[in-house]
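Geometric and topological summary
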Amino acid sequence: MKYRQSVSEFLKESKKGNIDYSDFYAYVAEQTEKNNKKFDFLVTMPDIDEKTIKTISKGNLKGLPITAKDAICTKGIQSSAGAEILKGYIPPFDATCISRIKKEGGIIIGKTAQDEFGFGTFCINTALNKAKNPNDISRSPGGSSGGSGIAAAALDFPHVSLGESTGGSISCPASFCGAVGLTPTYGRVSRYGLIDYANSLDKIGPIGKTTEDVATILSHIAGQDPMDSTSAPKKSEDYTKYINKDANLKGTNIAVPKEFFKDLDAKVEKNIRDGIAQLESLGANINEVSLKMTDYATAAYYMIATAEASTNLAKYSGMRYGQSEKIEDHFDEYFQKVRSKYFTEESKRRILLGTFARMEGYRDQYYLKAMKIRTLIIEEMNKVFKNNDAIVGPTMPIIAPKFTEIDKLSAIDIYTIDTLSIMPNLAGTPMLSIPCGTINNMPIGMQIISSHLNEGRIINIGSALENS
Ligand code: GLN
């Protein structure tokens, strides 16, 4: 196919003026629609008309199609965070990452399916889509940025999707769908215009087919933003310079925590161990380490994330955004009616859990304790980074499960599945999930974590593995 190029090949041709955008975007629309019928991965698909095509004239991402998680606000296109309560909300502004993409000539071709507000691991906690894994439609694509994982893996034209991660929502769908997901350092990419899940954890990052594709996009969305006071005071850089063309990892120290191999599918473990052996054969020194706090990560995360989420959700009351009902009765009853009707069961569970965790009398026991654990996790990881360039392990302990298997899991079972991707999110460190073998055609993901603001390191290691 003439458009089966990598992002960098496409951009090279695009800059030279060799792309017929009308023809290209006709192909993009046809393929996107075809895949959406099969995998239901888009909440909204704007029409890319001739007028838009005519605006493609310059920029470092000239004419590149981009999809974005539904929680990322896009001017004039519904942005509902996968939530029925926000159906019909059309932002009058662009999130900073979107305006940066547009400024460089990228085109937003769709808003991707997700668990409502990011609450989930399987993309099932939403009334808006029934997203399916492109490798096997009886299985989940992962969550919460499931639609972005599908888009990255299934669309056969040059394209990158913007996902969002609070506790692994970029890594998980990348791992389950067979794509590369880059979750940057907390603060590296502006959160302005993101419909919040948990503000102290949320990160926006790209999911694509290769490390080079995601590195290209990160280069254009990273960097301080006056609209987000938590964005790191550091200019962006060209992350593609870290691509390891020679697949040489001499002198790279990689830590493998033994706790990352507990409660793991044996075949997933075998593939990840083979991947680590491959890193060693490329010259890396492999050091076994212990991250004892791994055992407490999930409990701490679900206290902190739900505490923050429950306050963020207070604004959805049928008054300002999205859905509303006929206004009658006392305002408390009205809010109750709207919230009972439109929130999913999982959102209700998290509102209750989060409100409880920060209530007077319980705050010390739950929320503050969780915050202490978070500090210990950061300290423990920083200690490992003193002698190591990266930490490597499985992204998820299983391959993408079947929907029928998920039906049998309790909420706690599902939360526990997130443990490994939660660790770097709590610590605010960057991580990359890259494909590392398959089991019966179902992809497995390896995660590579580095210290704060060291995205270059994980790009270097991930691309070495890809190029070997
Ligand atoms: N599965 C995790 C949760 O449900 C992570 C979600 C996310 O990163 N947005 O909270």
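Preceding this section is the structure that the text describes.
Since the structure is predicted, the reported quantities are computational estimates derived from the model, not experimental observations.

1. Some thoughts on the overall build of the chain
Across its full length, the chain holds 16 helices and eleven strands. Its C-alpha atoms give the chain principal-axis dimensions of roughly 70 × 55 × 45 Å. Here the chain holds 468 residues, and 60% of them are scored as buried. Computed over 56 positive and 55 negative side-chain charges, the separation of the two mean positions in the chain equals 3 Å.

2. Some words on the site of the ligand
Contacts to the ligand come from 16 residues, most closely from T166, G167, S169, Y197 and Y301. Between T121 and the ligand, the recorded distance is 3.0 Å, taken from a side-chain N or O atom to a nitrogen atom. When isolated, the ligand has an accessible area of 290 Å², and the protein chains bury 99% of it. Broken down by secondary-structure element, the contributors of at least two residues to the shell around the ligand are β4 (160-165) and α9 (294-312). Its residues assigned to classes, the shell around the ligand comprises four nonpolar, nine polar and three charged.

3. Comments concerning helix α7 (residues 211-221)
The buried fraction of α7 amounts to ten of the eleven residues, a majority that puts the element mostly inside the structure. Every buried residue of α7 is accounted for by T211, D213, V214, A215, T216, I217, L218, S219, H220 and I221. Count one or two residues on from α7 and you reach G223, which has phi positive near 115°.

4. Regarding the packing of α9 against helix α15 (residues 419-427)
Here α9 crosses α15 at 70°, and the two axes come no closer than 9 Å. With respect to their mutual orientation, α9 and α15 come out roughly perpendicular. Judged by the sense of rotation from one axis to the other, the crossing of α9 with α15 is left-handed. Contacts between α9 and α15 involve T294, A297, T298, A300, Y301, Y302 and I304 from the first element and T419, L420, I422, M423 and L426 from the second.

5. A short note on the nonpolar core
Note that soluble globular proteins tend to have their nonpolar side chains buried in a common cluster. Grouped together as the largest cluster of nonpolar side chains are 137 residues, with contacts concentrated most on F117, L162 and M446. No other element matches α9, which puts eight residues into this core. Setting aside its immediate chain neighbours within four residues, M446 contacts I272, G275, I276, L279, V392, G393, T395, L432, S433, I434, C436 and L465. Core analysis: the second largest hydrophobic core is formed by five residues, A152, I170, A179 and I207 among them.

6. Considering the sheet that holds strand β1 (residues 42-44)
Remark on secondary structure: sheet strands pair via backbone hydrogen bonds, oriented parallel or antiparallel. Strand order in the open sheet made by the eleven strands is β1-β3-β2-β4-β6-β5-β10-β11-β9-β7-β8, with mixed pairing throughout. At either margin of the open sheet sits one strand with a lone partner, and together these are β1 and β8 (285-289). For this sheet the average axis-to-axis angle between neighbouring strands, irrespective of direction, equals 30°. Taken together, the four bridges between strand β9 (residues 390-394) and strand β11 (residues 442-449) define a ladder with antiparallel strand orientation.

Criteria and cut-off values
Residues numbered from 1 in each chain as written. Predicted model: local features only at pLDDT ≥ 70, side-chain atom pairs only at ≥ 80, totals over all residues. Heavy atoms only, no water. Helix = DSSP H or I, 4+ residues; strand = E, 2+ residues; numbered from the N terminus. Buried < 20%, exposed > 50% of the residue type's maximum accessible area, 1.4 Å probe, protein only. Lys, Arg positive; Asp, Glu negative; His and termini not counted. Charge placed at Lys NZ, Arg CZ, Asp CG, Glu CD. Near = heavy atom within 4 Å. Polar contact = N/O pair within 3.5 Å; in protein donor to acceptor, adjacent residues only side chain to side chain. Areas by Shrake-Rupley, 256 points an atom, 1.4 Å probe, with all protein chains shown as cover. Nonpolar A, V, L, I, M, F, W, Y, C, P; charged D, E, K, R; others polar. Axes fitted to C-alpha atoms, helices over the stretch in contact; angles between N-to-C directions. Parallel < 35°, antiparallel > 145°, perpendicular 65-115°, else oblique. Left-handed = near helix turned anticlockwise from the far one by under 90°. Contact = heavy atoms within 4.5 Å. Core = buried A, V, L, I, M, F, W, Y, C linked by side-chain atoms within 4.5 Å. Pairing = 2+ DSSP bridges.

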